[in-house]
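For reference, the chains in residue letters:
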Amino acid sequence: MTTPTLLNPNTLPQTESIGYSQIAIAHTGRMAFVSGQVAISDDELPVPGSLHAQADIVIENLSRALAALDGAARDIIQLRIYIVDLKPSSVEIVMGKLATFLNGARPGLTGVGVQSLASPEFLLEIEMVVQLPGE
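What you see is a predicted model, and the numbers here were worked out from it, not measured in a lab.

Calculation rules
Residues numbered from 1 in each chain as written. Predicted model: local features only at pLDDT ≥ 70, side-chain atom pairs only at ≥ 80, totals over all residues. Heavy atoms only, no water. Helix = DSSP H or I, 4+ residues; strand = E, 2+ residues; numbered from the N terminus. Expected span 1.5 Å × (residues − 1). Buried < 20%, exposed > 50% of the residue type's maximum accessible area, 1.4 Å probe, protein only. Arc of directions from axis to C-beta. Contact = heavy atoms within 4.5 Å. Pairing = 2+ DSSP bridges. Axes fitted to C-alpha atoms, helices over the stretch in contact; angles between N-to-C directions. Core = buried A, V, L, I, M, F, W, Y, C linked by side-chain atoms within 4.5 Å. Salt bridge = Lys/Arg side-chain N within 4 Å of Asp/Glu carboxyl O.

Visitor: Let's hear about helix α2 (residues 88-102): which residues, and what values?
Guide: Taking 1.5 Å as the rise per residue, α2 with 15 residues should run 21 Å; its terminal C-alpha atoms sit 20 Å apart, in good agreement. Taken together, the buried positions of α2 are occupied by Ser90, Val94, Met95, Leu98, Phe101 and Leu102. One side of α2 holds all its buried residues, which, seen down the axis, span an arc of 115°. In α2, the exposed positions that point more than 90 degrees away from the buried face belong to Pro88, Glu92 and Thr100. On its buried side, α2 packs onto α1 (51-68), β4 (76-84), β5 (108-114) and β6 (124-131). Positive phi appears at asparagine 103, one or two residues downstream of α2, with a value of about 50°.

Written out as structure tokens, the structure is:
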């Protein structure tokens, strides 16, 4: 199985420089749909109050989900990011941390500003769709 095909047609806004692709094509194979990850750590510490700290925990959870799938960032087809009180500064925080996590991969990405998430302390939630590596 090959990694997803990523496209940025010249008829759409060019987004490669900001870390995502306009179109991600999954090839035949199995897919994993990873539930939205929030800032709940495996050590059950209280949820931190800053977006910076929450983003670190959320991305660690995404990394652990990928590891459980024997996957890598290049296998991610889609990320959906939900940010409470979305503004440019919060996008900058999250996208900066995601760029490190993605390590050059540019999956499809949707960012959504929301009023709240499942619990009032959560500021960020990210879900992902992964094309599973061959068996």
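Visitor: Any chance you could break down the sheet that holds strand β3 (residues 31-37) for me, citing the residues and the numbers?
Guide: Pairing within the open sheet is mixed, and its four strands lie in the order β3-β6-β4-β5. Two strands lie at the open edges of the sheet, namely β3 and β5, each paired on one side alone. Here the average twist between neighbouring strands, direction ignored, is 10°. Across the face of the sheet, α2 comes into contact with β4, β5 and β6 while running at roughly 155° to β4.

Visitor: Break down the nonpolar core for me, with residues and values.
Guide: Among the nonpolar cores identified, the biggest contains 29 residues, and Ile76, Ile81, Leu98, Phe101, Leu124, Ile126 and Met128 are the most heavily contacted of them. Counting only elements with at least two residues in this core, the list comes to β3, α1, β4, α2 and β6. Ranked by the residues each element gives to this core, the list is headed by α1, at eight residues.

Visitor: Give a description of the environment of glycine 19 that names residues and reports values.
Guide: You can see glycine 19 is positioned in the loop between β1 (5-7) and β2 (23-25). Distance from glycine 19 to glycine 36, taken between C-alpha atoms, is 20 Å for residues 17 residues apart in sequence. Contact partners of glycine 19, with chain neighbours within four places excluded, come to Leu102, Ala105 and Arg106.

Visitor: Describe the pattern of salt bridges, naming the residues involved and giving the relevant values.
Guide: For the structure shown, the criterion picks out six salt bridges. Across the pair aspartate 85 and lysine 87 runs a salt bridge, and its minimum N-O distance is 2.9 Å. For aspartate 85, a relative accessible area of 49% corresponds to the partly exposed category. Counted as one network, the salt bridges with shared partners bring together Asp42, Glu60 and Arg64.

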